[in-house]
Amino acid sequence: MDHLIALPSAGSIAVAAIALFLAVTQGLFALRRPRYGWTAWGSLISFSTFGYSLAVAFQYNSERIDLVQLVDRIQLSFILLLIHGLYGYTLSFFGIASRKKHAVIGFIHLVFLAFIWGTGLIVSSELTSRNFFLLGRPYVESEYGPAGALFLCYMIAAALYTLFIWVARFRENARIAFWYIAGFTAWFLMALHDFLASLGMPAPLFIMEYGFLSFSIFVLAVSLRVYDNLVARLHKREAALEEEMERLFTTLSSIGDGVVAVDQNERISLMNPVAEELTGWKEHSVRGTPVQEILLLIDASSRLPVEDFIKKAGKTGVPVHRKKTTVLIARDGTERIIADSCAPMHDREGKIIGFVVVFRDITDRIKTEEVLAKARNSESLAILAGGIAHDFNNILTSIVGNVSLACLNLDPNDHTYKLLSDAKKASFSARDLTRQLLAFSRGGAPVKRTATLVELIRDTVEFALSGSRVKCVFHLPGDLWAADVDQGQISQVLNNIVINADQALDGGGVIEVRAENLHVFRDRIITGMEEPQHMPPGKYVKISVRDRGSGIPEEHQKRIFEPYFTTKQRGMGLGLATVYSIVKKHEGYIQLESKPGAGTTFSFYLPAAEGNPQLQDADEGGIFGKGKILIVDEEEDVARVSLRLVAGLGYDADSALSIDLAVDKYNYAMAQGAPFDVVIVDLTMSGTDGARECLARLKKIDDNVKAVVSSGYSNDHVIMEYWNFGFSAALRKPYSLEDLGRAIRETIAGPIRGKPLSEK
């Protein structure tokens, strides 16, 4: 083979090697980064250059004339592929999205390809020999057909067109554009070489060889520049993505809701720390796990699995909020009430690529709402109970008053006297029962008096166990310290505890009631409640009620004093809640000790009084007196029995069924020079402000008026703090003859109280 023929193919082989390297690297990059698919056009350019260069090298080194025409067709086909790749690369690189333009160019190239292979219009069936500059012998190749010159012109036009695009957008990426323009210039010279040769004009072969080599080197330089640019952009984008992910993770970690992201197959891809805490699972251990295996959700009411709202969100394409109350069962079995929702995630094209499940723990909120609802019910109950208590105590006032009057005319040793005394005691017990609900519901403060508790404990327990098969054993020392207590409320405490003990001994048994003096010298921890109580040093009276029943289950002991908590089929759950409320209002402490099968002991501690108990008058003669009393009460029966009681105590009495009538009678008595010594006025009267309004109007007539307020509302603040409203004493209905007599005597003998708060 002539060395003059083989030598020029060195340039073609070098071009082929460079083009192969570019085709492989660009193709791999396009496969790895589909988002940068336009780089596939660069691979197409390199591949077409590779094929054309191999065809040229083959033609240079072949002596078989019959293969010349085939090789020429292959060369022109790869030139078409090269042109197509250059168009696509240029348009895609600059983001010129024009499907119509790509379709037109593709159609033109298909037509040219058909002409190359199917006709002799571009590649003729005849051969020609040309003498290239510095080539030792003629070079044989196919003749161009009638359309050959058109094809060469198209090559030049294509080069100029793509060159125009790069020049027009030179400022967008000057470095890449410079090298690309230089490469197109070399390609233009190569096309010009073929054009001149086709016209029979001198055209050195090396212009084509080294022009094509220069073009490939320029494409290589551009590709490297593009890759360098892409890598920098990718690193920058990855850094920005990492920063964005960090911000997203920080945001997800800081919010109080649990967030779980799942893919299209409902497998977990992300969980924030709150979701980890609520579910009990760590993200790294559940990534890729079906979300249904981690989020165990059941309906709070039916306890059945809830509907899969992820599928529902996938069908509708919009966020779904669950309306029913849902319970989340954590890994350790802990149950939490949650509010949850699910929203689909969409890509730029609107396709669903996953879902985000958001949920929050609303257990405390639900419990708070339940407590508020119960509080509203309790307030309604308190209003209802207050009205009932008022009317009921008015009835009891008539009963107690008449019984007291009957006892005045009987010998204390008479059997009838004893029966009436028991009836009076039962009436007062009934009054105490009306206070029980009010003490809890309305939160009224106790009206305290210094008193010994031995007789109160014995009477209350015996009354509570009357008719029961349970026997009570008392351990009550004679030197038990006195305490400042509301005797009615402490009686309620004992009554409720003893009734619970009686019910625990369903088949009968023994209850031990013990009282003792306790001197605490250092802080003592009182257990049995949800939170331990600290009892400070001091003197206390400790009262304990012990039964040997079945005991209280450990899981119930922490809730035993909660309002409305009960394990009984018939019960409101107010008994022990009332006990706790009353003891706390007496600044005391309560303790529970219970073991299943070993019985229960309730103990409560009351601060011991500093002074001596208030002794009652030893004889009934101490409650009698002289004076003029006005009774103001709109209940005619109550006014009538009060008149009898006051008259039985030796006083002159009159009554008024309204405030207007009371003012008229008081004004008339003042005008006659015989004023009333004491006015006993009911707390509430229809259509008025009751006792406060009555006292305010009487103060305008006589600034020295002395008044006693009376009511069946044992917990009203006017009754509990009567001195702040200008009253000298308070009587809680039903009251005994002794209570009435002492209140009148103390009022007459005592100082005049200040003006009511409403006038200050």
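Please read these numbers as outputs of a predicted model, since none were measured by experiment.

Asks: Which parts of the structure should I look at to understand the overall build of the protein chain?
Replies: Scanning the protein chain from terminus to terminus reveals 23 helices and 23 strands. The buried share of the protein chain, reckoned over its 760 residues, is 46%. If you take every contact in the protein chain between residues at least 6 apart in sequence, the share linking residues at least 24 apart comes to 69%. In the form shown here, the protein chain has an accessible surface area of approximately 38800 Å², with 56% of it arising from carbon and sulfur atoms.

Asks: I would appreciate a short explanation of the nonpolar core in the present structure.
Replies: The tendency in soluble globular proteins is for nonpolar side chains to be buried side by side. Counting 39 residues, the largest nonpolar core has Leu453, Ile457 and Phe604 as its most contacted members. Sorting elements by how many residues they give to this core places helix H16 (residues 487-504) first, with six residues. Those residues in contact with Ile457, other than ones at most four positions away along the chain, are Phe474, Leu476, Leu494, Val513, Ala515 and Ile543. The next biggest cluster of nonpolar side chains, apart from the first, holds 24 residues, and it includes Ala662, Val718, Ile719 and Phe725.

Asks: What is the right way to look at the sheet that holds strand E13 (residues 510-520) in this model?
Replies: Paired through backbone hydrogen bonds, the strands of a sheet run either parallel or antiparallel to each other. Spatially, the five strands line up as an open sheet ordered E11-E13-E16-E18-E17, and their pairing is mixed. If you trace the sheet from one side to the other, it starts and ends with strand E11 (471-475) and strand E17 (589-595), each paired once. Across the sheet, the mean angle from the axis of one strand to that of its neighbour is 15 degrees, orientation sign disregarded. Pairing between E13 and strand E16 (residues 538-547): ten bridges, direction antiparallel. Residue pairing across strands places Ala515 opposite Ile543, the latter belonging to E16. The strands touched by H16 are E13, E16 and strand E18 (599-607); relative to E16, the strand with the most contacts, the crossing angle is about 30 degrees.

Asks: Hey, could you run me through the side chain of Gln591 in this one?
Replies: Along the chain, Gln591 falls in strand E17. A distance of 3.0 Å separates polar atoms of two side chains, one belonging to Gln591 and the other to Tyr605.

Asks: Sorry if this is basic, but what is going on with the sheet that holds strand E21 (residues 678-682) here?
Replies: On the basis of which strands lie adjacent, the open sheet formed by five strands has the order E20-E19-E21-E22-E23 and parallel pairing. Because the sheet does not close on itself, it has two edges, and the strands there are strand E20 (652-656) and strand E23 (729-732). Across the sheet, the mean angle from the axis of one strand to that of its neighbour is 20 degrees, orientation sign disregarded. Of the pairings in the sheet, the one linking strand E19 (residues 628-632) to E20 comprises five bridges and is parallel in character. By the bridge assignment for E20, Ile631 is matched with Ser655. Relative to the sheet, helix H19 (residues 636-648) contacts E19 and E20, its axis offset from that of E20 by approximately 170 degrees. Packed onto the sheet, helix H20 (residues 659-671) meets E19, E20 and E21 and runs at close to 165 degrees relative to E19.

Asks: Just to check I follow, could you spell out helix H12 (residues 309-316) for this structure?
Replies: Since the α-helix advances by 3.6 residues per turn, residues separated by three or four positions end up pointing in the same direction. Taken together, the buried positions of H12 are occupied by Phe309, Ile310 and Ala313. Each buried residue of H12 lies within a common arc of 110 degrees when the element is viewed along its axis, so the set occupies one face. On its buried face, H12 is in contact with strand E3 (258-263), helix H11 (291-294), strand E6 (320-321), strand E8 (335-346) and strand E9 (352-361). For H12, the side-chain oxygen to backbone nitrogen distance between the N-cap and Ile310 is 3.1 Å, and the N-cap itself is Asp308.

Asks: I'm lost on the packing of aromatic side chains in this one. Help?
Replies: Aromatic ring pairs: the centre-centre distance and the angle between the two ring planes describe each pair. By the definition in use, this model includes seven aromatic pairs. Ring plane angle 70 degrees and centroid distance 5.8 Å describe the contact between Tyr87 and Tyr161, whose orientation is recorded as edge-to-face. Pair noted here: Tyr87 is in helix H4 (residues 68-93) and Tyr161 is in helix H6 (residues 148-168), with a separation of 74 residues, a long-range link. Judged by its relative accessible area of 8%, Tyr87 is buried. Judged by its relative accessible area of 30%, Tyr161 is partly exposed. One residue, Arg322, lies across the ring of Phe309, its end atom 4.0 Å from the ring centre. Sitting over the ring of Trp481, Lys539 keeps its end group 5.3 Å from the ring centre.

Asks: When you look at the packing of helix H15 (residues 454-464) against H16 in this model, what are you seeing that I'm missing?
Replies: The description of two helices packed together rests on the angle between their axes and the distance between the axes. For the pair H15 and H16, the least separation of the axes is 9 Å and the interaxial angle reads 45 degrees. For the element pair H15 / H16, the angle class is oblique. The interaxial crossing formed by H15 with H16 has right-handed handedness. Every residue of H16 that contacts H15 at Leu456, Ile457, Thr460, Val461 and Ala464 is listed here: Gln487, Ile490, Ser491, Leu494, Asn495 and Val498.

Asks: Looking at this structure, how should I read the confidence of the model for the protein chain?
Replies: Do not read the fine detail of predicted coordinates wherever pLDDT is low. Taken as a whole, the protein chain shows an average pLDDT of 77; of its residues, 75% reach a score of 70 or greater. Within the protein chain, the element-level pLDDT minimum falls on helix H1 (residues 3-6), averaging 40, and the maximum on E21, averaging 91. Per-residue pLDDT stays below 50 along residues 1-7; that stretch engages in eight contacts with residues further than four places along the chain or on separate chains. Contacts for the low-pLDDT stretch residues 755-760, under 50 throughout, to residues beyond four places or in other chains number ten contacts.

Asks: Just checking my understanding: could you explain H19 for this structure?
Replies: Taking 1.5 Å per residue as the helical rise, H19 with its 13 residues ought to reach 18 Å, and the 18 Å between its terminal C-alpha atoms agrees with that figure. Those residues of H19 not exposed but buried are Val638, Ala639, Val641, Ser642, Leu645 and Val646. Looking one or two places after H19, you find Gly650, whose phi comes out positive at around 100 degrees.

Asks: Help me understand the pattern of salt bridges in this model?
Replies: Oppositely charged side chains are able to pair whenever their charged atoms sit close together. Enumeration over the complete set of coordinates arrives at 15 salt bridges. Among the ionic pairs, Arg336 bridges to Asp361, the shortest N-O distance being 3.7 Å. Of this pair, Arg336 sits in strand E8 while Asp361 sits in strand E9, and the two are 25 residues apart along the sequence. For Arg640, the salt bridge is made with Glu636, and the minimal N-O distance between the two is 3.9 Å. Of this pair, Arg640 and Glu636 both sit in helix H19, four residues apart, which is roughly one turn of that helix. By sharing partners, the salt bridges in this structure join Glu266, Asp308 and Lys311 into a single network.

Asks: So what exactly am I meant to see when it comes to unusual backbone geometry here?
Replies: Most peptide bonds take the trans form, and the phi angle of most residues other than glycine is negative. In this structure, Arg303 is a non-glycine residue whose phi angle is positive, near 65 degrees. Position of Arg303 among the secondary structure elements: in the loop between strand E5 (296-299) and H12. Although it is not a glycine, Glu587 adopts a positive phi angle of roughly 60 degrees. Of note, Glu587 is situated in the loop between helix H18 (575-585) and E17. Take Glu587: its relative accessible area is 57%, and that puts it in the exposed class.

Asks: Hey, could you run me through the pairing of E19 in this one?
Replies: Taken residue by residue, a regular strand's side chains alternate between the two faces of the sheet. Burial analysis of E19 places four of its five residues in the buried class, the great majority of the element. In this fold, E19 hands off to H19, which returns the chain to E20; that crossover is right-handed.

Asks: I'm lost on the pairing of strand E22 (residues 707-711) in this one. Help?
Replies: Burial analysis of E22 places five of its five residues in the buried class, which makes it a mostly covered element. Of the pairings in the sheet, the one linking E21 to E22 comprises four bridges and is parallel in character. Bridged to Asp682 within E22 is Ser710. Regarding topology, helix H21 (residues 691-701) serves as the crossover connection from E21 to the parallel E22, and that connection is right-handed. Here E22 pairs with E23 via four bridges, running parallel. Of the residues in E23, the one forming a bridge with Val708 is Ala729.

What counts as what
Residues numbered from 1 in each chain as written. Predicted model: local features only at pLDDT ≥ 70, side-chain atom pairs only at ≥ 80, totals over all residues. Heavy atoms only, no water. Helix = DSSP H or I, 4+ residues; strand = E, 2+ residues; numbered from the N terminus. Buried < 20%, exposed > 50% of the residue type's maximum accessible area, 1.4 Å probe, protein only. Contact = heavy atoms within 4.5 Å. Areas by Shrake-Rupley, 256 points an atom, 1.4 Å probe, with all protein chains shown as cover. Core = buried A, V, L, I, M, F, W, Y, C linked by side-chain atoms within 4.5 Å. Pairing = 2+ DSSP bridges. Axes fitted to C-alpha atoms, helices over the stretch in contact; angles between N-to-C directions. Polar contact = N/O pair within 3.5 Å; in protein donor to acceptor, adjacent residues only side chain to side chain. Arc of directions from axis to C-beta. Phe/Tyr/Trp six-rings, centres within 6.5 Å; stacked < 30°, edge-to-face > 60°. Lys NZ or Arg CZ within 6 Å of the ring centre and 35° of its normal. Parallel < 35°, antiparallel > 145°, perpendicular 65-115°, else oblique. Left-handed = near helix turned anticlockwise from the far one by under 90°. pLDDT = per-residue confidence, 0-100. Expected span 1.5 Å × (residues − 1). Salt bridge = Lys/Arg side-chain N within 4 Å of Asp/Glu carboxyl O. Right-handed = clockwise from strand over helix to strand, strands pointing away.

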